[in-house]
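Understanding the architecture of this molecule
Here are the chains, one letter per residue:
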Amino acid sequence: MIDENSLICRLPKCELHIHIEGSLEPELMFALARRNGIRLPYDSIDALRRAYQFARLQDFLDIYYQGMSVLITERDFHDLAWAYLTRAQADNVHHVEMFFDPQGHTSRGVDFATVVNGLTAATAKAEAELGISASLIMCFLRHLDEADAERTLDLALAHRDKIMGVGLDSSELGHPPSKFTRVFRRARDAGFSLFAHAGEEGPPDYVWQAIDVLGVDRIDHGHRSLEDDTLVARLARDRMALTVCPLSNLRLRVVDDLKRHPLRRMMQRDLLVTVNSDDPAYFGGYVNDNFRAVRSALNLERDEIVALARNSFVAAMMPEGEKQTALAALDRVAASLPR
Ligand code: ADE
Ligand code: ZN
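Notes on the structure follow. (Residues numbered from 1 in each chain as written. Chains lettered and ligands numbered in written order. Predicted model: local features only at pLDDT ≥ 70, side-chain atom pairs only at ≥ 80, totals over all residues. Heavy atoms only, no water.)

The next thing to look at is helix 8 (residues 146–157). Taking 1.5 Å per residue, 12 residues should reach 16 Å; helix 8 reaches 17 Å between its end C-alpha atoms and fits that length. For helix 8, the complete set of buried residues consists of Glu 146, Ala 149, Glu 150, Thr 152, Leu 153 and Ala 156. Buried positions in helix 8, seen along its axis, are confined to an arc of 160° and lie on one side of it. Against the buried residues of helix 8 lie helix 6 (103–106), helix 7 (112–130), strand 3 (133–141) and helix 9 (181–189). (Helix = DSSP H or I, 4+ residues; strand = E, 2+ residues; numbered from the N terminus. Expected span 1.5 Å × (residues − 1). Buried < 20%, exposed > 50% of the residue type's maximum accessible area, 1.4 Å probe, protein only. Arc of directions from axis to C-beta. Contact = heavy atoms within 4.5 Å.)

Next up, the structure:
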């Protein structure tokens, strides 16, 4: 019999919900602050880590936007993404769809091109040197207005070839998906895939809006969908993927105990769920840590772990041929492991 940790490590997987700015480890944050002559409001790495206590999403977001202030040059964005991608390789991640928050940078005077070119240099190197395919999803900050999102989309159009999709993140409550109807329509017309955080803290109605008003291809988080049986049936019928982030949910107090995490209930209701890290530097774990945490809290069976890894490829925005090849490879790995 193979132990669950080896099983989790050996299975190839995709990561579909990672905010690259949320992978900024304190050590790199301090190194970049030094390189760029920026003073952080913390004396030490330990003091910074001690500040990572969150009672809700907004507590985290405040510290997350402050942390990204050390990212200034193309090299900084490259180094950030490269650190994440090498870490992802250690978790046997084969494909990454990476969120970034351009408005968190352009609002500080950093050019859109600096951000995108730095991230793209790292993803191209990962493809060549690590065998990881990676694409970029540009998120609109939902606490800002739609006009700001529209200006950001205008900037992105000059880099259309480097950006796969458009997403929606930041403070959810009070900022429903419908606030971004026009900009999402424009993004769809420009050929971007569409994503939205919905049902993390917000109600099931926000998930309805994400699918029916914005027309998203995938939902980020989405666990509050379980409060609405009609919505669950719709998500299951449409094979709408949901990117779930267990350690994030614990650290942001969306769940009070991982033993009560809704992941298994979502699987039992036939939802296409995946496991992801969200902001690993802030929530204490990369993708395999998330797999291990839910496995042990929920006593997930071997077949459930394999199904979650499989779902990550099913839900990925990969060309169909590559997806089938990757799924066949995953099935071979799973079959070769002792039961
Ligand atoms: N930005 C980074 N992480 C986020 C999350 N979990 N929810 C909303 N916005 C985010
Ligand atoms: Zn997220």
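Still to come is the rest of the account.
Mapping Phe 77 onto the fold places it in helix 5 (residues 74–90). A relative accessible area of 1% means that Phe 77 is categorised as buried. Each C-alpha atom of the pair Phe 77 and Gly 118 lies 4.8 Å from the other, and the pair is 41 residues apart in sequence. In this structure, Phe 77 is in contact with Leu 71, Ile 72, His 105, Arg 108, Val 110, Thr 114, Val 115, Gly 118 and Leu 119, ignoring residues within four places of it in sequence.

A few words now on the site of ligand 1. In the vicinity of ligand 1, the residues found are His 19, Leu 57, Phe 60, Leu 61, Tyr 64, Asp 169, Ser 170, His 197, Glu 200, His 221, Asp 278 and Asp 279. The separation between a nitrogen atom of ligand 1 and a polar side-chain atom of His 19 is 3.3 Å. At 2.8 Å, a backbone N or O of Ser 170 approaches a nitrogen atom of ligand 1. In isolation ligand 1 exposes 260 Å². Once the protein is present, 100% of that is buried. (Near = heavy atom within 4 Å. Polar contact = N/O pair within 3.5 Å; in protein donor to acceptor, adjacent residues only side chain to side chain. Areas by Shrake-Rupley, 256 points an atom, 1.4 Å probe, with all protein chains shown as cover.)

Side chains Leu 272 and Thr 274 project from strand 8 (residues 272–275) onto one buried face, and the interleaved Val 273 and Val 275 project onto a second face that is buried too. The pairing of strand 7 (residues 241–244) with strand 8 spans 4 bridges and is classified as parallel. When the bridges of strand 8 are listed, Ala 241 appears paired with Leu 272. (Pairing = 2+ DSSP bridges.)

It is worth stressing that arrangement in space is one thing and function is another; only the former is reported here.
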